[in-house]
Amino acid sequence: MPDPRFAPIEISADLSGLPESERAVLGKLVEAARIMDALFLRQVWAGNDALLQTLARDTRGTGPDLLHRFLLNKGPWSRLDHSAPFVSGVPRKPGGANFYPIDMTREEVQRWLDGLPEEARNRAAGFFTVIRRHGNGSPVAVPYSQEYQPELGMAARLLREAAQLTTQPTLSRFLRTRADAFLSDDYYESDVAWMELEASIEPVIGPYEVYEDEWFNFKAAFEAFITVTDVAGTANLRDFAGHLQSLENALPIDPRYRNPRLGTLTPIRVVNVVFTAGDANRGVQTAAFNLPNDERVIREKGSKSVMLKNVQEAKFKTVLQPIAARVLTPGARPDVSFDAFFTHILLHELMHGLGPHDISVAGRATTVRRELKDMYSAIEEAKADISGLWALQRLVDSGHVPAAIGRSMYSTFLASMFRSLRFGINEAHGRGVAIQLNHFLDAGAVQLVDGHFVVRSDMMRRAVELLTSEVMTLQAEGSYEKAEALVARLGVLRPEVQRALARLQDVPVDIEPQFKAAWAG
Ligand code: ZN
């Protein structure tokens, strides 16, 4: 049996407006994206390549189903089941993935890092190196360009070919600089080029998110989102960016932690997915993202939010509406709306760019990411969600967001929290949501009526502000201890929540996209 928790659904994008040249570009990009898939598989576990070949050869019995699950999870461990193996004979999923030597523990890596001179430590803790062993056994940081040389060489060639084909200069520049980065490990220029992209095709391709490195959140995993711009949606949403500085200025934290100059406004893109691969297509599907992750680029150029509209619509219909019907009180269910869902995800992405990033701890310049280590992802996701609600409420109050969204956003988010919790709390988004739901329950802002949940709007506003303040303040302080305590206290599944989750067993957890669309046509 394939995993019934993932509902197969065709994801397609309207390419009728694209000229022949740009369709050919898409063909090249999809080819390059497939390479990201292979690289990500290897990053997850050193044994993945060999296991994939074994599974692909077994064309009878359970073979095809195991292969299907392997490709869905990008390895032999179910990402929805605390990484439980579904192929017999495989080891436990390595917490440091294939980024660190298989015979080193997290503590040994930490001790080794602590003993390095500063420059070497920065390189070893960087996004784009893996830690391997020298011939003499001592650990060494190996750059991605070396570790993944043949594949990155091929991907670079495809990006250059695509750059030749396109008639759009900013797209051509991104593709050329990204091809260079694959060979040099210097992603700065291509990240800047991606920030300046103004094109009908909006590709993300390369090493980005750090979730797969469960030990340290240091190492970037390969992924690709090949997408086309939804022009009308992007224009509608762009004016949100004009409110970001005033939101930052009003954040419910000590004024000295606010950033008086956010710099470049956060560009927003609404896109439709043509193809995804690697870290972007494993287990639960990404509905939106904010990139790049490099603090230097964020500081100088800001970051960009990309909303995957066709993916979100598919999730809303397949998952969110059935969940609302099972966990919300009957009176709350009609409040759940796609507009509120879509707008909150937008604010979630925008708020990743606000709040503390570069901080100072006891006079030492550092970043929130570095100080919070393995707590970082869950805390940062909780921050984006909760401050997204906080920001949405302010925009409703000032008339910049329709009042209808103001009426539906809390109930919609409540239903959406149950959607996230089903991903498990060992995953950053799920754990971040558990923190919020338990906070709401403790504050009386979410209440239980006959086993169903309902929002108390009058209590919600204050509860949202309090948690926004708590999370952003511990980030500003770079306090690992406070982050750990918050996660331990609230990042858990309580019995009443577990009972509600048990009623969702027949609802798909997520979609499994089928990219049968006409990208090659
Ligand atoms: Zn996020």
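Cut-offs applied
- Residues numbered from 1 in each chain as written.
- Predicted model: local features only at pLDDT ≥ 70, side-chain atom pairs only at ≥ 80, totals over all residues.
- Heavy atoms only, no water.
- Helix = DSSP H or I, 4+ residues; strand = E, 2+ residues; numbered from the N terminus.
- Buried < 20%, exposed > 50% of the residue type's maximum accessible area, 1.4 Å probe, protein only.
- Contact = heavy atoms within 4.5 Å.
- Polar contact = N/O pair within 3.5 Å; in protein donor to acceptor, adjacent residues only side chain to side chain.
- Domains from an automatic or database assignment.
- Buried area = accessible area lost by both parts, 1.4 Å probe.
- Salt bridge = Lys/Arg side-chain N within 4 Å of Asp/Glu carboxyl O.
- 1 Å grid on protein atoms, 1.4 Å probe; cavity = no way out; pocket = protein on both sides within 12 Å on 5 of 7 lines; lining within 4 Å.
- Points joined across faces, edges and corners; volume = space filled by probe spheres on them.
- Pairing = 2+ DSSP bridges.
- Axes fitted to C-alpha atoms, helices over the stretch in contact; angles between N-to-C directions.
- Donors = N, O, S within 2.8 Å, 3.2 Å for Na, K, Ca; no water.
- Phe/Tyr/Trp six-rings, centres within 6.5 Å; stacked < 30°, edge-to-face > 60°.
- Lys NZ or Arg CZ within 6 Å of the ring centre and 35° of its normal.

Examining the environment of Ser138
Assignment of secondary structure puts Ser138 in the loop between β4 (129-133) and β5 (139-143). You can call Ser138 partly exposed: its relative accessible area is 30%. Look past the residues within four positions of Ser138 in its chain and what remains in contact with it is Arg132 and Arg133. Here Asn136 takes part through its side chain, which lies 2.8 Å from a polar atom of the side chain of Ser138.

Topic: the side chain of Glu212
With respect to the secondary-structure elements, Glu212 resides in the loop between β6 (201-207) and β7 (222-229). Residue classification places Glu212 among the buried positions, given a relative accessible area of 3%. Within the structure, the side chain of Glu212 is placed 2.8 Å from the side chain of Lys93, a separation counted as a polar contact. Sequence-distant contacts of Glu212, defined by excluding residues within four places in its chain, comprise Phe40, Val44, Arg79, Lys93, Gly95, Ala97, Phe99, Ala221, Asp279 and Arg282.

Quick notes on the domain arrangement of the protein chain
When cut into domains, the protein chain gives domain 1 (36-143) and domain 2 (149-515). Just the C-alpha atoms count here: the centres of domain 1 and domain 2 sit 25 Å apart. When domain 1 packs against domain 2, close to 3,300 Å² is buried across both sides, 61% of that on carbon and sulfur atoms. Run the count over domain 1 and domain 2 and you get 5 salt bridges. With a closest N to O distance of 2.5 Å, Glu151 and Arg42 form a salt bridge. Between domain 1 and domain 2 we count 18 residue pairs in polar contact (both at pLDDT 80 or more) in total.

Some points on the layout of surface pockets
The calculated volume of the second largest pocket comes to roughly 1,200 Å³. Within the residue set of the lining of the second largest pocket, elements represented by two or more residues are α4 (106-114), α5 (118-124), α12 (295-301), β12 (364-367) and α15 (368-372). Among the elements that line the lining of the second largest pocket, the one with the most residues is α5, at 5 residues. Each of domain 1 (36-143) and domain 2 (149-515) gives at least three residues to the lining of the second largest pocket.

Quick notes on the sheet that holds β7
Sheet architecture is open: 5 strands sit in the order β6-β7-β8-β10-β9, paired in mixed fashion. At either margin of the open sheet sits one strand with a lone partner, and together these are β6 and β9 (288-291). Strand-to-strand, the axes of this sheet are offset by a mean angle of 35°, without reference to chain direction. Pairing between strand β8 (residues 268-278) and strand β10 (residues 304-308): 4 bridges, direction parallel. What sits directly across from Ile268, in β10, is Ser305.

Comments concerning the coordination of the zinc ion
The zinc ion binds to the protein through His348 (NE2), His352 (NE2) and Glu381 (OE); the donor distances cover 2.1 to 2.2 Å. One chain supplies every donor for the zinc ion, spaced along it as H-x3-H-x28-E. Residue His348 is located in helix α14 (residues 338-352), and its partner Glu381 is located in helix α16 (residues 376-397); the two are separated by 33 residues in the primary sequence. Across the pair, exposure class does not vary: His348 and Glu381 are buried alike.

Some thoughts on the packing of aromatic side chains
This model, assessed by the stated rule, comprises 19 aromatic pairs. Centre to centre, the rings of Phe128 and Tyr144 are 6.1 Å apart; their planes meet at 70°, and the pair counts as edge-to-face. Placement of Phe128 in the loop between α5 and β4 and of Tyr144 in helix α6 (residues 144-147) is noted, with a sequence separation of 16 residues between them. Given a relative accessible area of 0%, Tyr144 falls into the buried group. One aromatic cluster is present, built from ring pairs that chain together Phe127, Phe128, Tyr144, Tyr148, Phe182, Tyr187 and Phe222. Across the ring face of Phe86, the terminal group of Arg69 is positioned such that the distance to the ring centre comes to 4.5 Å.

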